[in-house]
There are 2 protein chains.
Amino acid sequence: MEKEELRKLIRVAHGDQKADTVLKNVNVVNVFTDEIYKADIAFSDTWIAGIGSYEGEKVIDGTGKYALPGFIDSHIHIESSYLSPEELGRLLVPHGASTILADPHEIVNVCGIKGLNYMMRAAKNTKLDIKFMLPSCVPATPFEHSGAVIDVSKMEEPIQRENVLGLAEFMNYPGIISASDDSLDKLMVAKKAGKLVDGHAPALSGKDLESYCAARINGDHESTTLKEMQEKLRLGLYALVREGSACHDLRTLAKGINATNERRCLLCSDDRQPKTILELGHIDYLLKMLVEEGVPAIYAIRMATLNAAEAFHLTDRGALAPGYRADVVLVDDLVSFKVRQVYLQGELVAEEGKYLPSFKKEPIDDVLDSIHLKDFSKEKFKMHLTSNHVNVITIQPGGVVTKKEDAYIRIKDGEFVFYPNVDLVKMAVVERHQMTGNVANAILKGYGIKRGAIALSIAHDSHNIIVVGVSDDEMEAAVKALEKQNGGMVLVLDGKVIGSLPLPIAGLMSDQSGEWVAERLSKLHDLAWNKLGISRKVEPIMTLCFMSLAVIPEIKLTDEGLFDVTKFSFIPLEIKDEQK
Amino acid sequence: MEKEELRKLIRVAHGDQKADTVLKNVNVVNVFTDEIYKADIAFSDTWIAGIGSYEGEKVIDGTGKYALPGFIDSHIHIESSYLSPEELGRLLVPHGASTILADPHEIVNVCGIKGLNYMMRAAKNTKLDIKFMLPSCVPATPFEHSGAVIDVSKMEEPIQRENVLGLAEFMNYPGIISASDDSLDKLMVAKKAGKLVDGHAPALSGKDLESYCAARINGDHESTTLKEMQEKLRLGLYALVREGSACHDLRTLAKGINATNERRCLLCSDDRQPKTILELGHIDYLLKMLVEEGVPAIYAIRMATLNAAEAFHLTDRGALAPGYRADVVLVDDLVSFKVRQVYLQGELVAEEGKYLPSFKKEPIDDVLDSIHLKDFSKEKFKMHLTSNHVNVITIQPGGVVTKKEDAYIRIKDGEFVFYPNVDLVKMAVVERHQMTGNVANAILKGYGIKRGAIALSIAHDSHNIIVVGVSDDEMEAAVKALEKQNGGMVLVLDGKVIGSLPLPIAGLMSDQSGEWVAERLSKLHDLAWNKLGISRKVEPIMTLCFMSLAVIPEIKLTDEGLFDVTKFSFIPLEIKDEQK
């Protein structure tokens, strides 16, 4: 804020000068005192000047509406929306979002700091205030090839940036618990810069959790039980109650939010797909759910505003009071939380679900060319088996966890032969970053595909290409089509592309609208189920995205081979029966 | 924190290495969750490593005791204790204080930034963590000569210092409300440095308060009614509930602290004299009072710990949890809050009321020579009256407010003649900083002095010399004695010093112990009442200290003359009856 801005702000607050805009006669929800009273909210430039009786150059009648501070999503991966930052902003703002804490973990795994830079530049094109956390664990595991390695030396500059609030979820909790040099060095980078460290501690407990917290992790969004949440709260972690497209923890955790601990509870979506946003909403929907679960509206609202602002040291927002950012959400009531208008920094930016400002999109040249294959052909899908007894990755419907099983398969000339009536299919991971030429193959169970192939360039966390198909030819066609469209999703049938969602931004995000992406995705789902015959028990795309994630049990496939997560080591595809 | 310190901390937390110290089996009060449970608290270096079951190199049995985080006094003037920072630390720590937010307003008025520097150096000699707020209003008024003028240019360096958290109470609220350049410039200095601004807004309300808050003042300690406190809370100010030696607001305000707003409430003493500390205590006593008033113990404790840490962005303290400062107060119970042991940064620093560490005291040479008189003699006390009708300053017992009255006095050769049976006496203010030679005289009513004279070098806020006496000779003797002892307090009878409290540090603080100062002060009070015959209705010293404070109604005396606070202008001593 500059001096003349401050002068005007004070003069407007004092009634010596007309406000730029006045929201007349709204029901102001005061998050400091849990009071609701009728008043005018006066804006001066981008700030709230006063709340009382005010005159303005522009006067908007807000009679009957409730005024809330702009909502804060305390943890989200923009990439999981498949949308660019600008486009996600366009979708979230009409639902009352003023601020999101974004962890660009996926794009940084693909493009390194160049990916972060793109995201930060793009963020400037939206009225949504996107604060960033610097990915702390790139690559997420040493068991696959990613597009970048962000070691301490690469963190030192970006952690200093004004809009980078700290390190993103520190998933390498074993590294902290064991006080490994690498983890300590990363923590020190954040500490020296005076920045925060976000947590990620699924099911961590007891002394493991104590030692993780000793590093002064700020919060955690992985609690799935009340007991887990309460233990984390007790040890000083903010509890980020999560409700995303993939993970649904809110209704469970709502029961643990009470008068004493609510100030330590926040809200986050983690992953939020465009379809979910368009159909259900965002934080507005989470508020509705909390109230449905019996959480007092004021607690719910504070979780989305004041508490988050405090947790992330965003001292300029989180409340409706003089000198705070003029981020105001007008809703019908504190039950439906139906958002009518959204003001960000004093400007009407959304009305009746529509984002109002025009905006440019950041050029994507820097992050466009992300599919780098070497010597790729269907030859790479050959398994050269000597045994027909193999380890199998078995999908567990509804989750990202797999089961390690084994099966006898039919082989011909050392190669797996697909039978539509047997639920076993070939899956491959094709390295796409470093041109290693790596392709690893495995047998997948539970996916149910009957025809064609599907290929994706989204494969957590390194985002190599995952391809599943009934023949090497179909699989090759899918990968080649994916390469041609700069990544995304491709469905092939009889050697031809029958559906695709190009994700040219790092192979992760679309340059198109949220509505378009949502529609395309629905179409792909239909094609996957109806044309390829993929099991209706699985979400055909998201399920595959997690088949490389070598930190989630029990067995995964990376570009380096089949990985047994329980043993934390690679295992062969074949089981040599004679060795038993 | 350095890397190896962090490594050890994590290892200790994880149980891989013994803690340095373990407080065994204490009742841990968890300020995050409002739970109390039996556990061990493990220290690693200066940090809490874990709370659970731990082994340590040193093990202390804490059975039956309640463990609380170190207490934070959110606003205090060290100078008002008449003690050096080291000595105040020695007195406060045994009462559980870990941190105080000090506003060195008085010494900076006398010595400028040199005074701040002395305070900050001295602060290093005590285990009490003294954080400073940079005085924002020096001089407090333009109606008197102070020892320094701290304009914006002088603020730019000190506001950057690590232990300076922001600007101290911004008393010039008219300056903010009117958006004066001087005030805006000061606010901008703090904003640009990313520092806080403390408030001081007695009885401010409505649009005045809105505009003051628009400047994003952090908190305020001047509320005296529930209505005032609630209005301030509503507008985003932290409510610093005050209970000092002079001002007693806690019992009144306690009634307004509830489940919703408690997180925005803090505790402060503002002014705390050694006698009060020695006899009643400090924050421990305030906690006891709050609980007596029906405030739940957890709210009271949070006001003294977590809430204050949050308000001042002291992210390393305010709770008992892994990675937090090892500041632990062991008390008998949550009713008496009787403090038994105090650990600061993992070290036992106080036990059974006794401060344990040995300490050096900062040399006071820089702030010693603070009484600078020019051409001073009793001639300066001459009034050269032409009328026997004069304006009179009438003391209002129990407060710092005075009443403007007038009186007919006896004069001889143009000079006031004192009569013991008439409660009117001469008061003078002698400029002591800039060698202006200024001496201003007035007539005081309600003080009741019968014999001798009393002189002080404490006179808010510029701290010139205030002297009251029955004759010019006695007054001269008192001032000269005061000059000789480098300031403080002097009582003279028949031309001889009968009692004194030297305050060589800027004429404001003693270099002696708290016990010695408390005893001396009691003795001075006795002498003042018994030997000089000062009215028992007034506190003979503190009353005089406020007779120069030209911002408190109705009439005061500065070195520049008699000041009518209601008119905000100087007025003549004499009233010329013939002009009526």
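As a reminder, the structure under discussion sits directly above these lines.
Student: Please explain the sheet that holds strand β11 (residues 219-220) of chain A as it appears in this structure.
Tutor: Strands belonging to one sheet form pairs held by backbone hydrogen bonds; the direction of such a pair is parallel or antiparallel. Residues and elements named next belong to chain A. Reading across the sheet, the 3 strands line up as β11-β12-β13 and stay open at both edges, with parallel pairing between neighbours. Sheet topology places β11 and β13 (265-268) at the edges, where each strand pairs with a single neighbour. Sheet analysis places strand β12 (residues 238-242) next to β13, joined by 4 bridges and oriented parallel. Bridge pairing in β13 links Val241 to Leu267. Strands in contact with helix α13 (residues 297-304) are β12 and β13; relative to β13, the strand with the most contacts, it is inclined by about 65 degrees.

Student: Whenever I open this one, the packing of aromatic side chains confuses me. Can you help?
Tutor: For any two aromatic rings, the description comes down to two numbers: the centre-to-centre distance and the angle of the planes. Taken as a whole and assessed by the stated rule, the structure comprises 20 aromatic pairs over all chains. For the pair A:Phe376 and A:Phe381, a centre-to-centre distance of 5.5 Å together with 75 degrees between the ring planes defines the contact as edge-to-face. Accessibility assignment for this pair places A:Phe376 and A:Phe381 in one class, buried. Ring geometry for B:Phe563 versus B:Phe568: centroids 5.7 Å apart, planes at 70 degrees, classification edge-to-face. Taking the relative accessible area as the measure of exposure, B:Phe563 reaches 0% and is therefore buried. Exposure remark for B:Phe568: the relative accessible area of 46% places this residue in the partly exposed category. An aromatic cluster of three or more residues is present, and its members are A:Phe143, A:Phe563, A:Phe568 and A:Phe570.

Student: Is there a simple way to explain the interface of chain B and chain A in this structure?
Tutor: One frequently used descriptor of interface size is the decrease in accessible area upon assembly of the parts. Facing 64 residues of chain B, the contacting portion of chain A comprises 64 residues. Here chain B packs against chain A, burying approximately 5400 Å² in sum over the two surfaces, 54% of which is carbon and sulfur. Summed over the shared surface of chain B and chain A, the result is 16 salt bridges. The interface formed by chain B and chain A holds 30 residue pairs in polar contact (both at pLDDT 80 or more) in total. Elements that contribute at least two residues to the side of chain B that touches chain A include exactly α1 (3-14), β2 (35-44), β3 (47-52), α6 (173-177), α7 (181-192), α8 (206-214), α9 (226-234) and α14 (306-311) of chain B. Per-element accounting of the side of chain B that touches chain A gives the leading share, 8 residues, to α1(B). Class assignment of the residues belonging to the side of chain B that touches chain A gives a composition of 26 nonpolar, 16 polar and 22 charged.

Student: Whenever I open this one, unusual backbone geometry confuses me. Can you help?
Tutor: Trans is the prevailing form of peptide bonds, just as negative phi is the prevailing case for residues other than glycine. Note the cis peptide between A:His460 and A:Asp461, where omega equals -5 degrees. For the peptide bond that leads from B:Val138 to B:Pro139, omega is 0 degrees, which places it in the cis range. Mapping B:Pro139 onto the fold places it in the loop between β8 (129-134) and α5 (152-155). Even without being a glycine, A:His384 presents a positive backbone phi close to 50 degrees. Locating A:His384 in the fold gives a position in the loop between α15 (365-368) and β18 (389-395).

Student: Got a minute to help me understand helix α12 (residues 283-292) of chain B in this structure?
Tutor: Residues that lie three or four places apart on an α-helix share one face, since the helix turns once every 3.6 residues. Residue and element names in this part refer to chain B. Among the 10 residues that make up α12, 7 are buried, leaving the element largely enclosed by the rest of the structure. Three or more residues of α12 are buried, namely Ile283, Asp284, Tyr285, Leu286, Leu287, Met289 and Leu290. Buried positions along α12 lie against β6 (71-76), α10 (250-254), β13 (265-268), α13 (297-304) and β15 (339-344).

Student: Explanation requested: the packing of helix α1 (residues 3-14) of chain A against α8(B) in the structure shown.
Tutor: What describes two packed helices is the angle between their axes and the distance between those same axes. For the pair α1(A) and α8(B), the least separation of the axes is 7 Å and the interaxial angle reads 160 degrees. The angle between α1(A) and α8(B) places the two elements in the roughly antiparallel class. Crossing handedness for the pair α1(A) and α8(B): right-handed. Residues A:Leu6, A:Leu9, A:Ile10, A:Ala13 and A:His14 of α1(A) form the contact with α8(B), whose own contacting residues are B:Lys207, B:Asp208, B:Glu210, B:Ser211 and B:Ala214. Partitioned by chemical class, the residues of the contact of α1(A) with α8(B) number 5 nonpolar, 2 polar and 3 charged.

Student: Looking at this structure, how should I read the pattern of salt bridges?
Tutor: For side chains of opposite charge, pairing can occur when their charged atoms come near one another. Evaluation of the coordinates by the stated rule reveals 93 salt bridges over all chains. With a closest N to O distance of 2.6 Å, A:Arg90 and A:Glu87 form a salt bridge. Residue A:Arg90 and its partner A:Glu87 are located together in helix α2 (residues 85-92), separated by 3 residues, close to a single helical turn. A residue is classified by how much of its surface remains accessible, and A:Glu87, at 2% relative accessible area, is buried. One salt bridge connects B:Glu4 with B:Arg7, and the closest N-O pair in it is separated by 2.8 Å. Here B:Glu4 pairs with B:Arg7, and both are found in helix α1, just 3 residues apart, close to one helical turn. Take B:Arg7: its relative accessible area is 18%, and that puts it in the buried class. Each of the salt bridges in this network shares a partner with another, and the network as a whole consists of A:Asp129, A:Lys131, A:Asp316, A:Arg317, A:Arg325 and A:Asp327.

Student: Teacher, can you tell me more about the relation of the copies chain B and chain A here?
Tutor: Look at the two chain copies: a rotation about an axis and a shift along it is all it takes to match them. Each copy superposes on the other: chain B lies on chain A with an RMSD of 0.1 Å after a rotation of 180 degrees and an axial shift of 0.0 Å. Look at the turn and shift together and you get a two-fold axis relating the two. Nearest to the rotation axis, the C-alpha of B:Ala259 is located 3.5 Å from it, this being the minimum over chain B. Residue by residue, 100% of the interface of chain B is reproduced at the interface of chain A, so both copies engage with the same surface.

Student: Before we go on, may I ask you to explain the pairing of strand β16 (residues 347-351) of chain A in this structure?
Tutor: Where a strand is regular, its side chains alternate between the two sheet faces. Residue and element names in this part refer to chain A. One ladder, built from 4 bridges, connects strand β15 (residues 339-344) with β16; its direction is antiparallel. By the bridge assignment for β16, Tyr343 is matched with Leu348. Hairpin connection between β15 and β16: a loop of 2 residues separates the two successive antiparallel strands, and Gln345 in this loop has a positive phi of roughly 45 degrees. Note that β16 and strand β17 (residues 354-355) share 2 bridges and pair antiparallel. Directly across from Glu351, in β17, lies its bridge partner Lys354.

Student: Help me understand the environment of A:His145 in this model?
Tutor: All names here are of chain A. Within the secondary structure layout, His145 lies in the loop between β8 (129-134) and α5 (152-155). C-alpha separation for the pair His145 and Leu165, spaced 20 residues apart in sequence, amounts to 28 Å. Those residues in contact with His145, other than ones at most four positions away along the chain, are Glu431, His433, Gln434, Thr436, Asn438, Ser462, Asn464, Asp559 and Glu560. There is a polar contact of 2.8 Å between the side chain of His145 and the side chain of Asp559.

How each quantity is defined
- Residues numbered from 1 in each chain as written.
- Chains lettered and ligands numbered in written order.
- Predicted model: local features only at pLDDT ≥ 70, side-chain atom pairs only at ≥ 80, totals over all residues.
- Heavy atoms only, no water.
- Pairing = 2+ DSSP bridges.
- Helix = DSSP H or I, 4+ residues; strand = E, 2+ residues; numbered from the N terminus.
- Contact = heavy atoms within 4.5 Å.
- Axes fitted to C-alpha atoms, helices over the stretch in contact; angles between N-to-C directions.
- Phe/Tyr/Trp six-rings, centres within 6.5 Å; stacked < 30°, edge-to-face > 60°.
- Buried < 20%, exposed > 50% of the residue type's maximum accessible area, 1.4 Å probe, protein only.
- Buried area = accessible area lost by both parts, 1.4 Å probe.
- Salt bridge = Lys/Arg side-chain N within 4 Å of Asp/Glu carboxyl O.
- Polar contact = N/O pair within 3.5 Å; in protein donor to acceptor, adjacent residues only side chain to side chain.
- Nonpolar A, V, L, I, M, F, W, Y, C, P; charged D, E, K, R; others polar.
- Parallel < 35°, antiparallel > 145°, perpendicular 65-115°, else oblique.
- Left-handed = near helix turned anticlockwise from the far one by under 90°.
- Least-squares fit on C-alpha atoms with pLDDT ≥ 70 in both.

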